[in-house]
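# Breakdown of the fold
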Amino acid sequence: MLIRKPTDIRPSEITSEENYLNRRAFMQAGLIAGGSLVAPAALSAVVPKTRGAELDNVSTSPLSTDEAPNSYEDITTYNNFYEFGTSKADPFRNAQDFKTRPWTITVDGEAEKTGQFDFDDFMKPFDLEERIYRLRCVEAWSMVVPWVGISLAEVVKFFQPTSKARYVAFETLADPVQMPGVRRRILDWPYREGLTIEEATNELSLLAVGIYGKVIPNQNGAPIRLVVPWKYGFKSIKSIVRISFTEKQPPTSWNMSAPQEYGFYANVNPEVSHPRWSQARERRIGAGLFADKLPTQMFNGYGEQVAHLYKGLDLRRNY
Amino acid sequence: MTKIQTIRFIVKPLVFIASLLPTLWIVGLTVLQPSALGANPVEALLDHFGIWAMWFMLIALAVSPARKLLGWTSLARFRRMLGLFAFFYVLMHFLTWLILDQGLELAPILEDIVRRPFITIGMAAFLLLLAMAVTSFVRVRQRMGRSWQKLHNSVYLVGVLGVWHYWWQVRADFAEPLLYAVILTALLGYRLREQVRKTARRVANA
């Protein structure tokens, strides 16, 4: 029998295993962060209210791919956003009048800082970065998107999750007045997604607020959406209104809808086949009518950054 | 001009041209204004031909019930042509998949047919329609005798497989395949009712 001694150490004070193992990098990062306090910290993410407005103070990222991004038109007219309709052209048509201000994000669960935050206040502590990522949809098509956003790892750190927080769950707005798709029970609304805390704090994870240096269009998930480029697109939840730190694996929408088809992890994996689409190859949008499909890469080509997260995990079972 | 001549030389050619319009339209668009097909033109072509294949199959299956319900006996003269257009649109759908989507690569094509159930049943429907199309000539029909009718009765199965193929392909929004399923059920249900009545009459007369 295990007998615990009463302790006055709060969960948040315990160093996580990952940080312990990475303690050198962690301390280095701390030194750099400390350094930036000395220099004037001009970067504070401001997202203009005007649609399509340019974003200022955007830094570039070494995590960006050098592949050519898709056209703005392709990225903003070919969308899966079922709240605005189930055909690819529906979100562009139906999201034009979507109101993204005022916008409130609720942060709750296993964290020291929780509450309801106005979107503009929520953004203030973070820096805007451009990240050009590949996007691979489970439907076997792909794009390259120049996102602008804030590091999810920074956001997670800011809210100080307790040691009980093993997952981060997200929710999309479900407003039947503004979102025609929500009036029909196509999925169990609101749309829900989730990541393990290790995935959420991976350097690749991004909360995007822009595309091509401009405020993100409504149909792409304004005002703020997740981008996890090594996972199928449906994990990258749009128009987020809630972020919850949880101890248990949160339910996720497509997994609830068809568990034999869509798993919790949903990592891009050319070897795990899907009953509807072969995942071995992908059609790159914009490549033209006669272009060959491209071979799909494990973790969508981001294995160097994320493969270690799944060591020892059977990816055939945990698809 | 007799009624039969009017049908043969005027109405039939008009129906033929009208049936070709969805093809002329999409081919014209692809050549003249490809951007109108959107970000994924291969998918747009696949969907276009697939949806029209569905409609022509339902229209062809509606000929016999409409003929009996409306009393337009001459509708029977359009049945073969409409059935062949259903096959034509399925063929275009199949060729788009084979050439543009799969790039004629044999291994992925076979993998899809074997491992993707909705493609398996789509292929089955295509092969049945192909068999019906090549036996649609009058002379072949005469030579085949009774087995012709047996083969061509599988059009009902093709209808079921076609709707099922679409149903299985949809991720979550079943509104459209449901519409086709309802129409198909009505068309097949009508035939079933006729069959039951005929059998009942025969039993009563016996």
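Preceding this paragraph is the structure being described.
Bear in mind that the values here come from a model prediction, so they are computed numbers and not experimental data.

Here the focus is the overall build of chain A. Along the backbone of chain A there are nine helices and 13 strands. Out of the 319 residues in chain A, the part that is buried amounts to 42%. Contacts spanning at least 24 positions in sequence make up 73% of the contacts within chain A whose residues lie at least 6 apart.

With that out of the way, let us pick up the interface of chain A and chain B. Each partner contributes to the interface: chain A provides 22 residues, whereas chain B provides 17 residues. Those elements that place two or more of their residues in the side of chain A that touches chain B are α3 (72-77) and β12 (281-284) of chain A. Each residue belonging to the side of chain A that touches chain B can be placed in one class, and the counts come to ten nonpolar, six polar and six charged.

On to unusual backbone geometry, then. All names here are of chain A. Backbone torsion omega between R101 and P102 reads -10°, so that peptide bond is classified as cis. A cis geometry characterises the amide bond from A222 onward to P223, with omega recorded as 0°. One can find P223 in the loop between β9 (214-215) and β10 (225-227). Notably, N57 is not glycine yet its phi reads approximately 55°, a positive angle. Within the secondary structure, N57 sits in the loop between α2 (23-38) and β1 (58-59).

Working definition: the strands of a sheet are paired by backbone hydrogen bonds and lie parallel or antiparallel to each other. Residue and element names in this part refer to chain A. If you trace the five strands from one edge of the open sheet to the other, you get β3-β2-β11-β6-β7, paired in mixed fashion. The open sheet has two free edges, formed respectively by β3 (115-118) and β7 (192-196), since each of these has just one partner strand. Pairs of neighbouring strands in the sheet enclose a mean axial angle of 20°, with direction left out of account. Of the pairings in the sheet, the one linking strand β2 (residues 104-109) to β3 comprises four bridges and is antiparallel in character. Looking at β3, one finds that V107 is bridged to G115.

One finds A:V145, A:W147, A:V168, A:L207 and A:A208 to be the most contacted residues of the largest nonpolar core, which totals 76 residues. Sort the elements by how many residues they give to this core and strand β5 (residues 141-151) of chain A lands first, with seven residues. Setting aside residues no more than four positions away along its own chain, A:A208 makes contact with A:W147, A:V148, A:G149, A:I216, A:R225 and A:V227. Residues B:L45, B:A60, B:L161 and B:L184 belong to the second largest nonpolar core, which totals 33 residues.

What follows deals with the packing of helix α2 (residues 41-70) of chain B against helix α8 (residues 155-169) of chain B. Residue and element names in this part refer to chain B. α8 packs onto α2 with a crossing angle of 150° between their chain directions and a minimal axis gap of 11 Å. Classed by the angle they form, the pair α2 and α8 counts as roughly antiparallel. Note on packing geometry: the crossing formed by α2 with α8 is left-handed. Along the contact surface, α2 presents M54, M57 and L61, while α8 presents V155, V158, G159, G162 and Y166.

This part covers the pairing of strand β4 (residues 128-136) of chain A. Residues and elements named next belong to chain A. Of all the nine residues making up β4, seven are buried; the element is thus mostly covered by neighbouring parts of the structure. With two bridges connecting them, β1 and β4 associate as parallel partners. Among the inter-strand pairings, S59 is bridged to a residue of β4, identified as E129. Bridge analysis of β4 against β5 gives eight bridges, and the strand direction is antiparallel.

Right, let's get into the pairing of strand β11 (residues 240-246) of chain A. Residues and elements named next belong to chain A. Pairing of β2 with β11, which is carried by four bridges, proceeds in the parallel orientation. Each bridged residue has a counterpart across the sheet, and for V107 the counterpart in β11 is I243. Strand direction decides the pairing type here: strand β6 (residues 167-172) and β11, joined by six bridges, are antiparallel. Its bridge partner being in β11, T172 is matched across the sheet by I240.

Reading the values: the criteria
Residues numbered from 1 in each chain as written. Chains lettered and ligands numbered in written order. Predicted model: local features only at pLDDT ≥ 70, side-chain atom pairs only at ≥ 80, totals over all residues. Helix = DSSP H or I, 4+ residues; strand = E, 2+ residues; numbered from the N terminus. Buried ≥ 20, exposed ≤ 12 C-beta atoms within 10 Å, placed from the backbone. Contact = placed C-beta atoms within 7 Å. Nonpolar A, V, L, I, M, F, W, Y, C, P; charged D, E, K, R; others polar. Pairing = 2+ DSSP bridges. Axes fitted to C-alpha atoms, helices over the stretch in contact; angles between N-to-C directions. Core = buried A, V, L, I, M, F, W, Y, C linked by C-beta atoms within 7 Å. Parallel < 35°, antiparallel > 145°, perpendicular 65-115°, else oblique. Left-handed = near helix turned anticlockwise from the far one by under 90°.

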